[in-house]
Amino acid sequence: MRSQTADAAAPTPASGLDDALDELRAEVHRLRLEQGMAQRTIRDLGAAVAARDEFIAIVGHELRNPMGAIVVSATNMIYKAEREQAPPPWLEPGLSRLERQTRSFVRRATTLLDVSRLATGNFHVDRDIVSLGDVVSDVVGDLAAEAEGAGCELRLSIEPGVIGMWDRVAIEQITMNLVSNAIKYGAGRPIQISVRSTGEDATIDVRDHGAGISEVDRARIFERFERAVVARRSKPGFGLGLWITRQLVVAHEGEITVESQPGVGSVFTASLPRAIHEPPR
């Protein structure tokens with residue numbers, strides 16, 4: 001009799017299978033709930049990123065537009081002051097300082113616009129025939145006062161006839177970012193900027209003799225919001241210049257590299273396909 005009671009209480013294979021199926025259904029239900037929550041979180045994050053990028057674009061426009069007019073006004077006043085027979089001695093240096101500060105502000109606003117366009121895929125390469133030497137020479141001239149203030153001598157070497165199909169504004173920004181970076185971290189030492197042809201490509205080389213970059217930091221300096229650790233503590237900026245530079249170079253199907261040793265300095269090289277034949281000579 002006891003044996004029959006024990007047999008009746010023991011779970012049958014069918015009831016054990018039902019229990020396992022119930023547990024499986026509960027686990028599937030739980031996973032579906034978690035998947036739904038994850039999808040909602042992803043949608044919310046995507047909307048937040050889109051709103052941030054739109055905000056950055058608006059801020060960039062709002063900051064840059066009025067400052068552009070101020071730059072033009074300061075430049076015109078400098079031009080007139082240089083031609084006056086007896087301008088006040090404080091006028092020209094004061095205007096020059098205003099012009100430098102405003103140009104720096106405009107570059108920061110332009111950085112915000114570049115981030116927005118590149119992050120949202122709205123940047124398009126507007127190719128035209130461009131003299132690389134002319135563009136680099138103009139940018140170096142614009143940065144001469146900034147370099148002088150940092151104690152850096154800009155030494156420019158341009159190979160003649162380096163022409164390609166590029167976006168001029170993008171090439172200006174690439175050069176501006178690389179030279180500004182060298183001025184910022186160049187420790188008041190000379191900076192060499194060179195333009196040369198390498199067959200089907202053209203290159204912009206910017207060499208500084210500053211603190212240099214460690215191997216660990218070199219692996220990440222082209223990422224957004226990243227800078228060398230030694231510089232992050234003391235140098236202002238968004239940490240976006242090299243990321244923007246790399247995106248603009250890649251948009252031209254080019255490549256950017258860096259060679260550096262701590263305590264020796266760094267050389268950044270932007271290689272750009274020329275995309276046109278050598279001009280006749």
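Given the structure is predicted, the values throughout are model-derived calculations rather than measurements.

(A) Inspection of the packing of aromatic side chains at higher detail. Throughout the structure, instances matching the rule amount to 1 aromatic pair. Seen in terms of ring centroids, F222 and F268 are 6.2 Å apart; in terms of plane orientation they differ by 80 degrees. Their pairing is edge-to-face. With F222 in the loop between α7 (215–218) and α8 (229–232) and F268 in strand β7 (residues 265–273), this residue pair connects regions lying 46 residues apart in the sequence. Per residue, the accessibility class of F222 equals that of F268, and both read buried.

(B) Inspection of the environment of S180 at higher detail. Looking at the secondary structure, you find S180 in helix α6 (residues 168–185). For S180, a relative accessible area of 16% translates into the label buried. Note: C-alpha distance between S180 and G241 (61 residues apart in sequence) is 9.0 Å. Among the polar contacts listed, one links the side chain of S180 to the backbone oxygen of M176, at a separation of 2.8 Å.

(C) Molecular detail of unusual backbone geometry. One non-glycine residue, A187, lies in the positive phi region at around 55 degrees. Summarising the element assignment, A187 is placed in the loop between α6 and β4 (191–198). Of the residues examined, A187 reaches a relative accessible area of 51% and is grouped as exposed. Despite not being glycine, E253 has its phi angle at roughly 60 degrees, a positive value.

(D) Structural view of the pairing of β4. Both strand β2 (residues 154–158) and β4 contribute to a ladder of 5 bridges, which runs parallel. Paired with L154 across the bridge in β4 is I191. The pairing of β4 with strand β5 (residues 201–208) spans 7 bridges and is antiparallel. Of the residues in β5, the one forming a bridge with I193 is V206. Between the antiparallel neighbours β4 and β5 lie 2 residues, among them G199 with a positive phi of about 75 degrees.

What counts and how
Residues numbered from 1 in each chain as written. Predicted model: local features only at pLDDT ≥ 70, side-chain atom pairs only at ≥ 80, totals over all residues. Heavy atoms only, no water. Phe/Tyr/Trp six-rings, centres within 6.5 Å; stacked < 30°, edge-to-face > 60°. Helix = DSSP H or I, 4+ residues; strand = E, 2+ residues; numbered from the N terminus. Buried < 20%, exposed > 50% of the residue type's maximum accessible area, 1.4 Å probe, protein only. Polar contact = N/O pair within 3.5 Å; in protein donor to acceptor, adjacent residues only side chain to side chain. Pairing = 2+ DSSP bridges.

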